[in-house]
Structure formats: structure tokens, C-alpha cells
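Structure assessment
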Amino acid sequence: NSLLIEKELRIVQITEKLIVERLNEIKTFYNNISNEFSTIFNWTEESDSYFLNPLDQKFKYSFLIENVETSKICFMQFSSIYKNEILHLHFTHGLKEYRGQGLAKIIQLRLYNEAALNNIKRIEAYWPKYNNVSIILFLKMGWNIEEIRKENTQLYMQADI
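Report follows, based on the coordinates. (Residues numbered from 1 in each chain as written. Predicted model: local features only at pLDDT ≥ 70, side-chain atom pairs only at ≥ 80, totals over all residues. Heavy atoms only, no water.)

1. Observations concerning the environment of Asn-42
With respect to the element layout, Asn-42 can be found in the loop between α4 (38-41) and α5 (48-52). A sequence separation of 23 residues divides Asn-42 from Ile-19, and the C-alpha atoms of the two residues are 25 Å apart. (Helix = DSSP H or I, 4+ residues; strand = E, 2+ residues; numbered from the N terminus.)

2. Focus on helix α7 (residues 132-140)
Along α7, the residues that are buried comprise Ser-134, Ile-135 and Phe-138. Looking down the long axis of α7, one finds its buried residues gathered within 100 degrees of arc, a one-sided arrangement. Those residues of α7 that are exposed and aimed more than 90 degrees away from the buried face are Val-133 and Lys-140. Gly-142, located one to two residues past α7, shows a positive phi value of around 100 degrees. (Buried < 20%, exposed > 50% of the residue type's maximum accessible area, 1.4 Å probe, protein only. Arc of directions from axis to C-beta.)

3. Description of the side chain of His-88
For His-88, the position within the fold is in strand β4 (residues 86-94). Beyond its immediate sequence surroundings of up to four residues, His-88 is in contact with Phe-78, Ser-79, Ser-80, Tyr-82, Glu-124, Ala-125 and Tyr-126. (Contact = heavy atoms within 4.5 Å.)

4. A short note on helix α3 (residues 23-36)
In a regular helix each residue adds 1.5 Å, so 14 residues correspond to 20 Å; α3 covers 20 Å between its end C-alpha atoms and thus fits that length. Looking only at α3, the buried set comprises Leu-23, Ile-26, Phe-29, Tyr-30, Asn-31, Ile-33 and Ser-34. Against the buried residues of α3 lie α2 (16-21), α4, α5, β3 (73-82) and β4. (Expected span 1.5 Å × (residues − 1).)

5. Some words on unusual backbone geometry
Despite not being glycine, Asn-42 shows a phi value in the positive range, around 65 degrees. For Asn-42, a relative accessible area of 64% puts it in the exposed group.

6. Things to note about the packing of aromatic side chains
For the structure on display, the rule yields 13 aromatic pairs. Judged by centre distance (4.9 Å) and plane angle (35 degrees), the rings of Phe-78 and Phe-91 are tilted. Residue Phe-78 is located in strand β3, and its partner Phe-91 is located in strand β4; the two are separated by 13 residues in the primary sequence. On the accessibility criterion, Phe-78 (2% relative accessible area) is buried. Residue Phe-91 is classed as buried on the basis of its relative accessible area, which comes to 5%. An aromatic cluster of three or more residues is present, and its members are Tyr-30, Tyr-50, Phe-51, Phe-78 and Phe-91. (Phe/Tyr/Trp six-rings, centres within 6.5 Å; stacked < 30°, edge-to-face > 60°.)

If you want it as C-alpha cells, here you go:
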């Protein structure tokens with residue numbers, strides 16, 4: 001992708017080996033963003049076990065975007081398979097200075113390509129109701145709001161791959 005090349009970034013699949021080698025960096029990246037939005041979305045920090053958990057095919061469907069030269073993580077998303085057939089997006093987080101630049105769309109397209117190659121037909125996720133930027137992006141990418149849950153604070157969304 002020319003945007004990645006222009007910004008000297010690359011997409012990397014999160015493998016079990018990578019997560020073990022870069023656990024502290026990955027955990028710090030995630031927890032810093034969770035802390036940034038803790039008041040707004042009630043997000044909390046996660047422990048090592050959250051990242052090391054080998055959820056069904058997580059290491060096939062999780063990616064990060066990093067700087068080519070420094071390997072600094074800019075964007076990260078985790079996904080896994082639910083019920084042997086649905087791709088579940090656990091989160092997509094980006095550093096503040098990289099938001100709004102099209103990287104969320106790029107990482108999602110990489111995820112969809114991997115899912116399509118493996119004959120996965122549906123994807124689902126839960127989004128904070130007031131995360132408007134993400135909701136708008138996912139609606140533009142063909143997602144549908146299926147239900148509002150958790151005391152009217154969270155959207156359950158799905159899409160065809």
C-alpha cells in the first residue's frame with residue numbers, strides 16, 4: 001500500500017513468537033490507549049494473560065502496523081474465531097498521532113483478506129456507542145448495527161467479509 005510506504009510503515013502479523021518477544025511493548029501500547037479512553041468508554045488495562053491467550057486462530061487474524069526503521073507500533077488489532085465460523089474483532093487501537101490517516105481501514109482490509117482466504121464469511125465486534133469515528137468507518141465498510149447492549153452503551157455490529 002502506498003500510504004504505508006509513504007509513511008515508512010508496514011503491517012506485521014502477530015504470531016505467538018512475536019507476542020512473546022514483544023509482550024511488554026504490546027501490553028504497554030494497548031494499556032496506554034485503554035487508559036486514554038478509560039473515562040469515556042470504561043476501558044481497563046489488561047494483564048499478560050490477555051495477550052498470551054491463544055484464542056482460536058488469534059495468531060492468524062491479528063496484526064499490527066509498525067514503523068519500518070524503529071519497529072514502533074502505530075496500530076494494532078486482535079481478532080479470533082468464534083463458534084468455528086465467525087471472525088470476532090476484539091479491538092483496533094491506534095496511537096493518537098496516527099488516527100484519521102486511513103490506517104484503521106488498511107489494517108481491516110488486511111484482516112478481511114486473510115479471512116476471505118480462509119473462507120470466513122462473517123465478522124463481528126462490540127463498539128462503544130460513542131466511538132463515532134470508528135462506527136462511521138465500519139458502517140462505510142459495510143458493517144451493520146445489529147443491537148444496542150450493555151445498558152445502551154455498546155453496539156453489536158456485524159458484516160459480511
